[in-house]
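Coordinate inspection notes
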Amino acid sequence: MPWTQVLLVASLTAVVSAQTPASKEIEAVYPDAHALYLELHQNPELSAHEVQTAAKLAAPLRALGYDVTEHVGGTGIVAILRNGAGPTVMLRTELDALPVEEKTGLAYASKVHAKDDAGHEVSVMHACGHDLHMAAILGTAAIMVRSKDSWHGTLMLIGQPAEETIGGARGMLADGLLKRFPKPDVAVAMHVGNVLPAGTVGITPGVFNTNADSLRITIYGKGGHGAAPHTAIDPIVIAARTILTLQTIASREVKPGEMAIVTVGYMLAGTKNNIIPDQAELGLTVRTNKPEVRQQVLAAIARITQAEAEAAGAPRAPSIDHYEGADLVYNDPALAQRLRETLESALGKDKVVIQEPITASEDFSYFVEQGIPGFYFTLGGADPEKLAQAKAAGTMLPSNHSPLFAPDVDPALHTGIAAEVAVLRKLLSGTAGQ
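Below or above, wherever it landed, is the structure these notes cover. (Residues numbered from 1 in each chain as written. Predicted model: local features only at pLDDT ≥ 70, side-chain atom pairs only at ≥ 80, totals over all residues. Heavy atoms only, no water.)

**Some remarks on the pattern of salt bridges**
Inspection of every chain in the model, using the stated rule, returns 13 salt bridges. In this structure, Asp321 and Arg216 form a salt bridge, with 2.7 Å as the shortest nitrogen-oxygen distance. Note that Asp321 is positioned in strand 15 (residues 319-326) and Arg216 in strand 10 (residues 211-220), a separation of 105 residues in sequence. A relative accessible area of 34% places Asp321 in the partly exposed class. We classify Arg216 as partly exposed; its relative accessible area is 26%. Connected through salt bridges with shared partners, the residues Arg92, Glu94, Glu362 and Asp363 form a single ionic network. (Salt bridge = Lys/Arg side-chain N within 4 Å of Asp/Glu carboxyl O. Helix = DSSP H or I, 4+ residues; strand = E, 2+ residues; numbered from the N terminus. Buried < 20%, exposed > 50% of the residue type's maximum accessible area, 1.4 Å probe, protein only.)

Set out below in structure tokens:
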């Protein structure tokens, strides 16, 4: 046999021998998981409109043998797999995408347009990795079916709608999630981002993220001609003063060292340059990580908004609509420590890092607030080389919600499946919480 063939055979033998049983079982399910990822990425749906997305996840889960219930809390799905006596463990994924125009340049980039709830046509993109989460849960679901001898209990997979609008978890609970189905002993969720390199995971014991409050403020004025402002009361000027004064809440009212963010994400007012409108609308997001600071900040927003309007002689007090909100996500510290050891064994100690809390928010907290211990961890999604280059240059890679957000699918998807399987097997190997 020629030396080149000997080397080739030796190389292939080394690759095969290097494959562990865990890697082999992931490779067996990976093609279907990756195919689902591509399909979902190219066909995203907005929050509470995930009809096709839910169906594309429900069908393969049903084919695997899960007892699947659709339309829970709207478009949500619940898939149950019973495997003897033992704890009940919930693993959640999200279904929805964002009103973002994709600019990644990927061959499978989304070109979808849809009508939002206000009737406006918007571009739609999976700019937060929910497509990867769904692909991972499918791969995980398949492995758990094929390896029932490695665990016992009840596995409960959740496809949750409307995470981006902080309404999906609450909607599923209101639709009887914990009454129609077994109440989980533990709840688990995963989220991909560009802060960690693909192939790694991050754990944050205790407080993981922040309380979130969404406010819609309407400031009322008196309309008139732009050339005769003395005959009007300009709500745009009032809004501008309000925006600037709101920024003093974190810098001058909240105790230094406490976390508080008040962001005005949009202002809507007027139709023409020489017309003073009669009202202006502001959209705010507020983030805090303590209940007393949360109350302080919300009260300050109301006080400042009303005072600025009164100072300008507004004809009526502003309206403040607190239309969305979610509490922070809390990771049970003891549970996080146990699962840290599990993930280190499955992925390698160098692939598991401890992270600081983040300032984003989400509604997984609604499940935890039902008295269910929770474990929410981060999946690295950044191309390792690009991440290293960005750090060296003092820059950052595109974040979640960016039109350029594109996780490094391989190895991120492999790692996501491996991590979820390891966590589930650990939680389903003993009594509840062990």
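Don't stop here, the text continues.
**Things to note about the sheet that holds strand 8 (residues 201-203)**
Strands sit in the order 1-2-6-3-7-18-8-17 across an open sheet of eight strands; the sheet is mixed. Of all strands in the sheet, those bounded by a partner on one side alone are strand 1 (67-72) and strand 17 (352-354). On average, adjacent strands in this sheet sit at an angle of 25° to one another, irrespective of strand direction. Pairing of strand 2 (residues 76-83) with strand 6 (residues 153-160) involves seven bridges; the strand directions are antiparallel. When the bridges of strand 6 are listed, Val78 appears paired with Ile158. Most of the contacts of helix 4 (residues 130-146) go to strand 3 (residues 88-94), to which it runs at about 150°, and overall it touches strand 2, strand 3, strand 6, strand 7 (186-197) and strand 18 (374-382). Of the strands in this sheet, strand 3, strand 6, strand 7, strand 8 and strand 18 touch helix 13 (residues 409-427), which is tilted by about 160° from strand 18. (Pairing = 2+ DSSP bridges. Axes fitted to C-alpha atoms, helices over the stretch in contact; angles between N-to-C directions. Contact = heavy atoms within 4.5 Å.)

**Section: the packing of aromatic side chains**
According to the stated counting rule, one finds five aromatic pairs in the structure shown. Here the aromatic rings of Tyr37 and Tyr108 are separated by 6.0 Å at their centres, their planes lie at 75°, and the arrangement is edge-to-face. Residue Tyr37 is found in helix 2 (residues 21-42), and its partner Tyr108 is found in the loop between strand 3 and strand 4 (113-115); the two are separated by 71 residues along the sequence. Note on Tyr108: relative accessible area 19%, which makes it buried. Taking the ring centre of Tyr323 as reference, the NZ or CZ of Arg216 above it sits at 4.0 Å. For Arg316, the ring lying beneath its charged end belongs to Tyr220, and the centroid distance is 3.8 Å. (Phe/Tyr/Trp six-rings, centres within 6.5 Å; stacked < 30°, edge-to-face > 60°. Lys NZ or Arg CZ within 6 Å of the ring centre and 35° of its normal.)

**Observations regarding unusual backbone geometry**
With a phi close to 70°, Ala48 is a non-glycine residue in the positive phi region. Looking at where Ala48 falls in the secondary structure, it is placed in the loop between helix 2 and helix 3 (51-63). The residue Ile166 is not glycine, and still its phi comes out positive at about 55°. Structurally, Ile166 can be placed in the loop between strand 6 and helix 5 (168-174). Note on Ile166: relative accessible area 9%, which makes it buried.

**A look at helix 13**
Along its 19 residues, helix 13 runs 26 Å from first to last C-alpha, staying within 8% of the 27 Å computed at 1.5 Å per residue. With 15 of 19 residues buried, helix 13 is to be regarded as a mostly interior element. (Expected span 1.5 Å × (residues − 1).)

**Description of the pairing of strand 2**
The buried count for strand 2 comes to seven of eight residues, which makes it a mostly enclosed element. Pairing of strand 1 with strand 2 involves four bridges; the strand directions are antiparallel. The residue bridging Val68 from the neighbouring strand is Ala79, located in strand 2.

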